[in-house]
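Tertiary structure, described
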Amino acid sequence: MKLSREEVLKIAELARIQLSDDEVEKFATELSTILDYVEQLNEVDTDAVPPTSQVTGLENRMREDEVTYQFSREDMLESAIETAEDHLKVKAVFSDEN
Amino acid sequence: MLHELRTQLDNKEVSSVELTQQYLQRIKERDEELNAYVLTTEGYALELAKQADAVIAEGEATTFTGIPYALKDVFCVEGIETTACSNILKGYVPPYTATSVERITGGVLLGKTNTDEFTMGASTETSAFGVTKNPYDTTRVAGGSSGGSAAAVAAELAPFAMGTDTGGSIRQPAAFCGVVGLRPTYGRVSRYGVVSMASSLDTIGPITATVHDMALVMKEISGQDDYDATTPDVPVENYVEKLDQPIDGMTIGIPKEYFEVEGLDVDMRKHIEGVIKEIEKLPVTIKEVSLPHTKYAIPTYYTIAPSEVSSNMSRYDGIKYGFRAHGVEDLMDIYKQSRAQGFGDEVKRRIMIGTHALSSGYYDAYYDKAMRVRTLIRQDFIDAYKEVDVLLAPVTPTTAFVVGEKANDPIQMYLEDVFLAPASLAGVPGLSVPCGKLNDLPVGIQIIGPQWSEGILLQLGQAIENIYN
């Protein structure tokens, strides 16, 4: 079943990716093909099968809550895109309407 | 090879600086054509080599002191640009170093190698730096996603290189380039400091020229790490010593479903059957086994992996580091435009498939369903290992394909993983070893074992290498 324009736009909105009109059309086709393909899993009866989310068998690994190393503010800001007065600079989060 | 380099360095037949210069020179001569490296770290390498020579002079050298190597461009090294071959990470310089890299103590980093963007692909064609060519035929791909590392080792542009394997990204390029590649047991090698793709499937492993080299590197990089909570406290075997043990009495399973796969090239099938006949001459028992859910591995993998991808990729938001779109209106626009301009198409496809598979109303039908089938695929392996010690299988359905041949057909590219995704989902190790050529192109055979069986895989791998050398 082919995803509609609206469905693709909804997915893109959730994924925070801006799509052009051409891309909406292109991804509608491609994503539908992939989803149709993976739907063959419906052939498998899994009613009595538990899900596997990890394979190590490990449960929570605890350690003492001690700081063993840390990054300096300077080092972390080194890779920042835009800074102002030792802070990351971003667009305003609140507008007058909020 | 690493063993010989160690001896030469320790005997002062060559210095690390000279060895490093030789490799840097080879990269200059050959890599314009191959595009295996996306960054060479010449100054840094020569500085490390100088330090290594001092350590060697003191008589303090250990396994890797002064030995050059390369890293897939998803391994963080403090102060060295790490991009995952994505525009969204260009310019990112990590403030820390991956555990696996720390464990290559004294090694000399030659540079970072090409990969599909965020390791999503099987040909390096989704890399923001362009495709890596196969050293055996430059009209063909080196495979992927660790194609740069495999091509570098094959063309002798590095003695060994590190890669990552989520759904086959070490084993497939190793086979295409005629080198040795190991996907270790999930949790055997720390993932700390390596850019994540799908966290329940990602593994770190070497690409080497010989099985002996593989044993050497694995011995050093394996084991529990406090910075990766998914590394269990399972003792690390001395893989090098293990190579000397006889394989007598080993029981090897041939999974029949792997040979019924549509798309397995007829000549490749014949070649692999010929290899199995050669292995039958060794003091081992060969036995057919069944892994009934094999055909569901690709749809399971391509539901679970994109779901985890969509979660892991959410950190690339144009805020803290990497790329930020210019001329945007507000915060939401920063996210949407930075990701639109920073990610390539394959990454966008996987993020959107995963977002859909995890979204309210679809979670049960896609993600939960795939996790249940994953249980069945894993059980197939557990059942098979009650009968046999290891499994033998093809690595790839064909030899290296021509650049562009599959680039516009996602499903065709996903089917590259048909023999590789099952072991990934089960969390078990797979070793790809060269086993001759087909029409002048390298072929690999895959040995798949139970969890933590790297030692046995290397033992059998050595026996196969002895046949084809």
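Residues numbered from 1 in each chain as written. Chains lettered and ligands numbered in written order. Predicted model: local features only at pLDDT ≥ 70, side-chain atom pairs only at ≥ 80, totals over all residues. Heavy atoms only, no water.

**What about the overall build of chain A?**
Condition: Secondary structure elements follow DSSP: runs of H or I of four or more residues count as helices, runs of E of two or more count as strands, with numbering from the N terminus. Taken over C-alpha atoms, the radius of gyration is set against a globule rule of 2.2 Å times the number of residues to the power 0.38. Only protein chains enter the accessibility calculation, which uses a 1.4 Å probe. A residue is then buried if its area is under 20% of the maximum for its type, exposed if over 50%, and partly exposed in between. Any two residues whose heavy atoms approach within 4.5 Å at even a single point are treated as in contact. In these tables, accessible area is a Shrake-Rupley quantity obtained with a 1.4 Å probe, and a residue counts as shielded only by the protein chains included in the view. Only four residue types enter the charge count: Lys and Arg as positive, Asp and Glu as negative, with His and the chain ends excluded. By convention, the point assigned to a charge is CZ for Arg, NZ for Lys, CD for Glu and CG for Asp.
Within chain A one finds three helices and two strands. Ordered by position in the sequence, the α and β elements of chain A form the string α-α-α-β-β. Relative to the globule expectation of 13 Å for 98 residues, the C-alpha radius of gyration of chain A, 23 Å, shows a markedly less compact shape. In terms of principal-axis extent, the alpha carbons of chain A reach across some 55 × 45 × 30 Å. Expressed as a percentage of its 98 residues, the buried residues of chain A come to 30%. A separation of at least 24 residues holds for 30% of the contacts in chain A among residues at least 6 apart in sequence. When the accessible surface of chain A is summed, it comes to about 7300 Å², and 47% of that surface belongs to carbon and sulfur atoms. Distance between charge centres in chain A, computed from 10 positive and 25 negative side chains, equals 4 Å.

**Digging into the environment of alanine 45 of chain B**
Residues and elements named next belong to chain B. Here alanine 45 is to be found in helix 3 (residues 42-57). The spacing of alanine 45 and leucine 109 is 64 residues in sequence and 5.5 Å in space, taken between C-alpha atoms. Those residues in contact with alanine 45 that sit more than four places away from it in its chain are Thr20, Val108 and Leu109.

**Concerning the sheet that holds strand 11 (residues 390-394) of chain B**
Residue and element names in this part refer to chain B. Selection criterion: The rule for pairing is simple: two strands pair if DSSP sees at least two bridges between them. Fitted lines through C-alpha atoms serve as axes, helices being fitted only where they are in contact, and the angles separating the N-to-C directions of these axes extend from 0 to 180 degrees.
Taken in spatial order, the eleven strands make up an open sheet running 1-3-2-6-8-7-12-13-11-9-10, and their pairing is mixed. Of all strands in the sheet, those with a lone pairing partner are strand 1 (37-40) and strand 10 (285-289), marking the two edges. Direction aside, neighbouring strands of the sheet carry axes that sit 30 degrees apart on average. Taken together, the five bridges between strand 2 (residues 68-72) and strand 3 (residues 108-113) define a ladder with parallel strand orientation.

**Here's the deal with the interface of chain B and chain A**
Reports often express the size of an interface as the amount of accessible area lost when the parts come together. Put simply, the test is: The term buried area means the drop in 1.4 Å probe accessible area that two parts suffer when joined, counted for both and summed. Salt bridges are defined by distance alone: a side-chain nitrogen of Lys or Arg within 4 Å of a carboxyl oxygen of Asp or Glu. N or O atoms within 3.5 Å of each other form a polar contact, as long as, within protein, one can give a hydrogen and the other can take it, and as long as residues adjacent in sequence are counted only when both atoms are side-chain atoms. Residue polarity follows a fixed list, in which Ala, Val, Leu, Ile, Met, Phe, Trp, Tyr, Cys and Pro are nonpolar, Asp, Glu, Lys and Arg are charged, and the others, Gly among them, are polar.
Across the boundary between the two partners, chain B contributes 72 residues, which contact 54 residues of chain A. Roughly 5500 Å² is buried in total at the junction of chain B and chain A, and carbon and sulfur atoms are behind 66% of that figure. Connecting chain B to chain A are seven salt bridges. Across the salt bridge formed by arginine 324 of chain B and glutamate 82 of chain A, the nearest N and O atoms sit 3.0 Å from each other. Along the contact surface separating chain B from chain A lie 25 residue pairs in polar contact (both at pLDDT 80 or more). Contributions of two or more residues to the side of chain B that touches chain A are made by helix 10 (297-312), helix 11 (331-342), helix 12 (345-358), helix 13 (364-384), helix 14 (410-414) and helix 15 (421-426) of chain B. It is helix 13 of chain B that contributes the most residues to the side of chain B that touches chain A, twelve residues altogether. Across the side of chain B that touches chain A, the residue classes tally to 38 nonpolar, 16 polar and 18 charged.

**Some words on the layout of surface pockets**
Stated formally: Cavity means a closed set of points on a 1 Å grid over the protein atoms alone, one where a 1.4 Å probe fits but cannot get out, pocket means an open set with protein on both sides within 12 Å along at least 5 of 7 lines, and lining means a residue has an atom within 4 Å of a point. Grid points are joined across faces, edges and corners, and a volume is the space filled by probe spheres set on the points.
Each pocket or cavity is described by its volume, and for the largest pocket that value is around 520 Å³. For the lining of the largest pocket, the per-class residue count stands at eight nonpolar, five polar and six charged.

**Considerations on the confidence of the model for chain A**
Under the convention used in this document: On a range of 0 to 100, pLDDT expresses the predictor's confidence in each residue.
Chain-level statistics for chain A give a pLDDT mean of 91 and a share of 98% at 70 or above. Of all helices and strands in chain A, the one with the weakest mean pLDDT is helix 3 (residues 73-78) of chain A (86), whereas helix 1 (residues 5-14) of chain A scores best (97).

**Quick look at the packing of aromatic side chains**
Residue and element names in this part refer to chain B. Test applied: Aromatic contacts are taken between Phe, Tyr and Trp rings whose centres are within 6.5 Å, Trp giving its six-membered ring; a plane angle under 30 degrees counts as stacked, one over 60 as edge-to-face, and the others as tilted.
Counting across every chain of the model gives 17 aromatic pairs over all chains. With 6.1 Å between their ring centres and 65 degrees between their planes, phenylalanine 118 and phenylalanine 343 make a pair best called edge-to-face. Taken together, the residues phenylalanine 118 in the loop between strand 3 and strand 4 (133-134) and phenylalanine 343 in the loop between helix 11 and helix 12 connect sequence positions 225 residues apart. One exposure class covers both phenylalanine 118 and phenylalanine 343, and it is buried. For the pair phenylalanine 176 and phenylalanine 401, a centre-to-centre distance of 5.8 Å together with 85 degrees between the ring planes defines the contact as edge-to-face. In this pair, phenylalanine 176 is assigned in helix 6 (residues 171-177) and phenylalanine 401 in the loop between strand 11 and helix 14, connecting sequence segments 225 residues apart.

**Structural notes on helix 9 (residues 266-280) of chain B**
Side chains three or four residues apart in an α-helix point the same way, a direct result of the helix having 3.6 residues per turn. All names here are of chain B. The line we're drawing: Multiplying one less than the number of residues by 1.5 Å gives the expected span of a helix.
Taking 1.5 Å per residue as the helical rise, helix 9 with its 15 residues ought to reach 21 Å, and the 21 Å between its terminal C-alpha atoms agrees with that figure. Where helix 9 is buried, its residues meet strand 9 (251-255), strand 10, strand 11, strand 12 (430-438), strand 13 (441-448) and helix 16 (454-468). Put simply, aspartate 265 is the residue that caps the front of helix 9, since its side-chain oxygen is 3.3 Å from the backbone nitrogen of aspartate 267.

**Remarks on the pattern of salt bridges**
Per the stated rule, a full pass over the model turns up 29 salt bridges over all chains. For arginine 30 of chain B, the salt bridge goes to glutamate 33 of chain B, with nearest N and O atoms at 3.6 Å. Of this pair, arginine 30 of chain B and glutamate 33 of chain B both sit in helix 2 (residues 16-34), three residues apart, roughly one helical turn. Residue classification places glutamate 33 of chain B among the partly exposed positions, given a relative accessible area of 42%. One continuous salt-bridge network, built from bridges that share partners, spans Lys26 and Glu30 of chain A together with Asp345, Glu346, Arg349 and Arg350 of chain B.

**Quick word on the side chain of lysine 242 of chain B**
Residues and elements named next belong to chain B. Within the secondary structure, lysine 242 is located in helix 8 (residues 239-242). Owing to a relative accessible area of 15%, lysine 242 belongs among the buried residues under this scheme. At 3.3 Å, the side chain of lysine 242 forms a polar contact with the side chain of glutamate 237. Discounting residues that sit within four places of it in the chain, lysine 242 has contacts with Glu237, Gly455, Ile456 and Gln459.

**Thoughts on the side chain of threonine 115 of chain B**
All names here are of chain B. Position of threonine 115 among the secondary structure elements: in the loop between strand 3 and strand 4. Of note is the side chain of threonine 115, whose polar atom sits 3.5 Å from the backbone oxygen of serine 145. In contact with threonine 115, other than residues within four places in its own chain, are Lys72, Val74, Ala84, Cys85, Thr124, Ser127 and Ser145.

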